[in-house]
Amino acid sequence: MGVIYGYFAAADDDDAVRAVVREDGELIATGYDGFDVNGADPVTDLLPAEALLTGRTAEAVCADPRHGHQIAMLDDGEVLCLTLTDALRDALANADRAVLPEVAREWAASDVFWTPPDPEGLAEFLNRAADLASRAVARGHRLYCWICV
């Protein structure tokens, strides 16, 4: 089984930690707005997409303190929870959905993937992420990713 990534919205970092470090016996992020994928690492894979969507350089994205900041870890690193930048959340929320397929094509052509992915799959991911980001902005929430290996 591969790595699973769960993108979700939470009120703040403490709330996001509670989504991952469950004391109620529920699965990770149960009750939180989000979706799971088998790819799309938030630190490496999303970097070109974030640069394309926000207009920031990769260096500027990496310098953002919320870019992939670890806020929780379980089971010696088998489960992590990382922050996503507010700039990415806002860019996704405000993105013209008609341009996301082009962003996906440019993202697919970047050098972050071992093998070139299907741009349509990346466009679907971006649309789901944009929907999540829109709901997060409306609620005043931030975006996060839990990773399970």
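**Examining the packing of helix 2 (residues 46–54) against helix 5 (residues 100–108)**
For step 1, the next point in the chain: Direction vectors running N to C along helix 2 and helix 5 enclose 135°, while the axes themselves pass 9 Å from each other. Considered as vectors, helix 2 and helix 5 are oriented oblique to each other. Seen along the crossing, helix 2 lies across helix 5 with a hand that is right-handed. Residues Leu46, Pro48, Ala49, Leu52 and Leu53 of helix 2 touch helix 5, and the partners they reach there are Leu100, Val103, Glu106 and Trp107.
For step 2, the next point in the chain: Per-class residue counts for the contact of helix 2 with helix 5 are eight nonpolar, no polar and one charged.

**Structural notes on the packing of aromatic side chains**
For step 1, the next point in the chain: All chains considered together, the criterion is met by seven aromatic pairs.
For step 2, the next point in the chain: With a centroid separation of 5.9 Å and an interplanar angle of 25°, the aromatic rings of Tyr7 and Phe35 are classed as stacked. With a gap of 28 residues between them, Tyr7 in strand 1 (residues 4–10) and Phe35 in strand 2 (residues 34–37) connect regions that are remote in the sequence.
For step 3, the next point in the chain: We classify Tyr7 as buried; its relative accessible area is 4%.
For step 4, the next point in the chain: Residue classification places Phe35 among the buried positions, given a relative accessible area of 7%.
For step 5, the next point in the chain: Among the aromatic residues, ring-to-ring pairing joins Tyr7, Phe35, Trp107, Phe113 and Phe125 into one connected group.

**Overview of the environment of Ala19**
For step 1, the next point in the chain: Inspection of the secondary structure puts Ala19 in helix 1 (residues 13–20).
For step 2, the next point in the chain: Distance in space between the C-alpha atoms of Ala19 and Ala136 is 15 Å, their sequence separation being 117 residues.
For step 3, the next point in the chain: The residues touching Ala19, leaving out its near neighbours within four places in the chain, are Phe8, Ile28, Ala29 and Tyr32.

**Details of the nonpolar core**
For step 1, the next point in the chain: In terms of nonpolar packing, the biggest core is built from 34 residues, with Tyr7, Leu46, Leu53, Leu92, Trp107, Phe125 and Leu126 touching the most fellow members.
For step 2, the next point in the chain: Looking at this core, the element that brings in the most residues is helix 6 (residues 119–139), giving nine residues.
For step 3, the next point in the chain: In this structure, Leu46 is in contact with Tyr7, Ala40, Asp41, Leu84, Leu88, Trp107 and Phe125, ignoring residues within four places of it in sequence.
For step 4, the next point in the chain: The next biggest cluster of nonpolar side chains, apart from the first, holds twelve residues, and it includes Phe8, Ala29, Ala72 and Cys81.

Cut-off values and rules
Residues numbered from 1 in each chain as written. Predicted model: local features only at pLDDT ≥ 70, side-chain atom pairs only at ≥ 80, totals over all residues. Heavy atoms only, no water. Axes fitted to C-alpha atoms, helices over the stretch in contact; angles between N-to-C directions. Helix = DSSP H or I, 4+ residues; strand = E, 2+ residues; numbered from the N terminus. Parallel < 35°, antiparallel > 145°, perpendicular 65-115°, else oblique. Left-handed = near helix turned anticlockwise from the far one by under 90°. Contact = heavy atoms within 4.5 Å. Nonpolar A, V, L, I, M, F, W, Y, C, P; charged D, E, K, R; others polar. Phe/Tyr/Trp six-rings, centres within 6.5 Å; stacked < 30°, edge-to-face > 60°. Buried < 20%, exposed > 50% of the residue type's maximum accessible area, 1.4 Å probe, protein only. Core = buried A, V, L, I, M, F, W, Y, C linked by side-chain atoms within 4.5 Å.

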